[in-house]
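One-letter residues, chain by chain:
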Amino acid sequence: QVQLVESGGGLVQPGGSLRLSCATSGVDFSIYTVGWYRQAPGKQRELVAVITSAGTTNYADSVKGRFTISRDNAKKTVTLQINSLKPDDTAVYYCNTGRVGWGSPGPYWGQGTQVTVSS
């Protein structure tokens, strides 16, 4: 059974930082691309950051320079360090995996973790 469990969300003031983590099990983590997506109220889910099995990363333009994705294949975890948070970053953040290379999201999703940026 595949499980993805996100953690680390919360309420933070503008300019603050958070570190999101996603722990996976039941999946051959090391061969798959892993991504973070987010969905704000009334908006479509969008890609935030993605990292391939080789460690190549890609980011949405809106988060470049502020977000950093990393992975630990031994622990089967992926982390998203988010700095200089803005109110527009408020959303539910989801971890995704299950595909190789670039392209559409994989079939496996976590339950999401809420990030709220507000003063």
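All of the points below concern the structure found in this document. (Residues numbered from 1 in each chain as written. Predicted model: local features only at pLDDT ≥ 70, side-chain atom pairs only at ≥ 80, totals over all residues. Heavy atoms only, no water.)

### Digging into the overall build of the protein
Heads up, the condition is: Each helix corresponds to a stretch of at least 4 residues labelled H or I by DSSP, and each strand to a stretch of at least 2 residues labelled E; elements are numbered beginning at the N terminus. We compute the radius of gyration over the C-alpha atoms and compare it with the globule rule, which gives 2.2 Å times the number of residues raised to the power 0.38. Only protein chains enter the accessibility calculation, which uses a 1.4 Å probe; a residue is then buried when its area is under 20% of its type maximum, exposed when over 50%, and partly exposed in between. Note on areas: Shrake-Rupley, 1.4 Å probe, and residue coverage restricted to the protein chains presented here.
Assigned secondary structure in the protein consists of zero helices and 11 strands. Each helix and strand of the protein, ordered N terminal to C terminal, gives the series β-β-β-β-β-β-β-β-β-β-β. Relative to the 2.2 N^0.38 estimate, which gives 14 Å for 119 residues, the radius of gyration of the protein is 13 Å and therefore close to what a compact globule would have. Expressed as lengths along the three principal axes of its C-alpha atoms, the size of the protein is roughly 40 × 25 × 25 Å. For the protein, the residues scored as buried account for 42% of the 119 residues in total. Carbon and sulfur atoms make up 47% of the accessible area of the protein, which amounts to about 6000 Å² in all.

### Re the pairing of strand 8 (residues 77-82)
Both faces of the sheet carry side chains from a regular strand, because those side chains alternate between them. Filter applied, for reference: When DSSP finds two or more bridges between a pair of strands, those strands are recorded as paired.
Judged from the six bridges that link them, strand 3 (residues 18-25) and strand 8 form a sheet pairing that is antiparallel. Paired with Ser 21 across the strands is Thr 79, a residue of strand 8. Two elements, strand 7 (residues 67-72) and strand 8, share six bridges in a ladder whose sense is antiparallel. If you follow Phe 67 over to strand 8, its bridge partner there is Ile 82. Counted between consecutive antiparallel strands, the loop separating strand 7 from strand 8 contains four residues, among which Lys 76 sits at a positive phi close to 60°.

### Re the environment of Gln 44
Rules: Contact between two residues is taken to exist if any of their heavy atoms lie within 4.5 Å; hydrogens are not considered.
Here Gln 44 shows up in the loop between strand 4 (33-39) and strand 5 (46-51). For the pair Gln 44 and Val 115, spaced 71 residues apart in sequence, the C-alpha to C-alpha distance is 16 Å. Look past the residues within four positions of Gln 44 in its chain and what remains in contact with it is Arg 38 and Gln 39.

### Points about the sheet that holds strand 1 (residues 3-7)
As a reminder, the rule being used: Note on geometry: axes are C-alpha line fits, over the in-contact stretch for helices, and angles between N-to-C directions span 0 to 180 degrees.
Taking strand neighbours across the sheet as the criterion, the four strands line up as 1-3-8-7 in an open arrangement whose pairing is antiparallel. The open sheet has two free edges, formed respectively by strand 1 and strand 7, since each of these has just one partner strand. Within this sheet the neighbouring strands show an average axis-to-axis angle of 15°, counted without direction.

### A closer look at the pairing of strand 5
In this sheet, strand 5 lies alongside strand 4 in antiparallel orientation, the contact comprising five bridges. Looking across to strand 5, one finds that Arg 38 is bridged to Glu 46. Adjacent in sequence and paired antiparallel, strand 4 and strand 5 are bridged by six residues, among which Gly 42 carries a positive phi angle near 75°. Pairing between strand 5 and strand 6 (residues 57-59): three bridges, direction antiparallel. Across the sheet, Ala 49 pairs through a bridge with Tyr 59, a residue of strand 6.

### Some details on the environment of Val 63
With respect to the element layout, Val 63 can be found in the loop between strand 6 and strand 7. Exposure remark for Val 63: the relative accessible area of 0% places this residue in the buried category. Sequence-wise, Val 63 and Gln 13 are 50 residues apart; in three dimensions their C-alpha atoms are separated by 17 Å.

### As for the side chain of Arg 38
To be explicit about the condition: Under this definition, polar contacts are N or O atom pairs within 3.5 Å; protein pairs additionally need one hydrogen-donor-capable and one acceptor-capable atom, and for neighbouring residues in sequence, both atoms have to be side-chain atoms.
Topologically, Arg 38 is positioned in strand 4. Residue classification places Arg 38 among the buried residues on the basis of a relative accessible area of 6%. Within the structure, the side chain of Arg 38 is placed 2.9 Å from the side chain of Asp 89, a separation counted as a polar contact. Here Tyr 93 takes part through its side chain, which lies 2.9 Å from a polar atom of the side chain of Arg 38.

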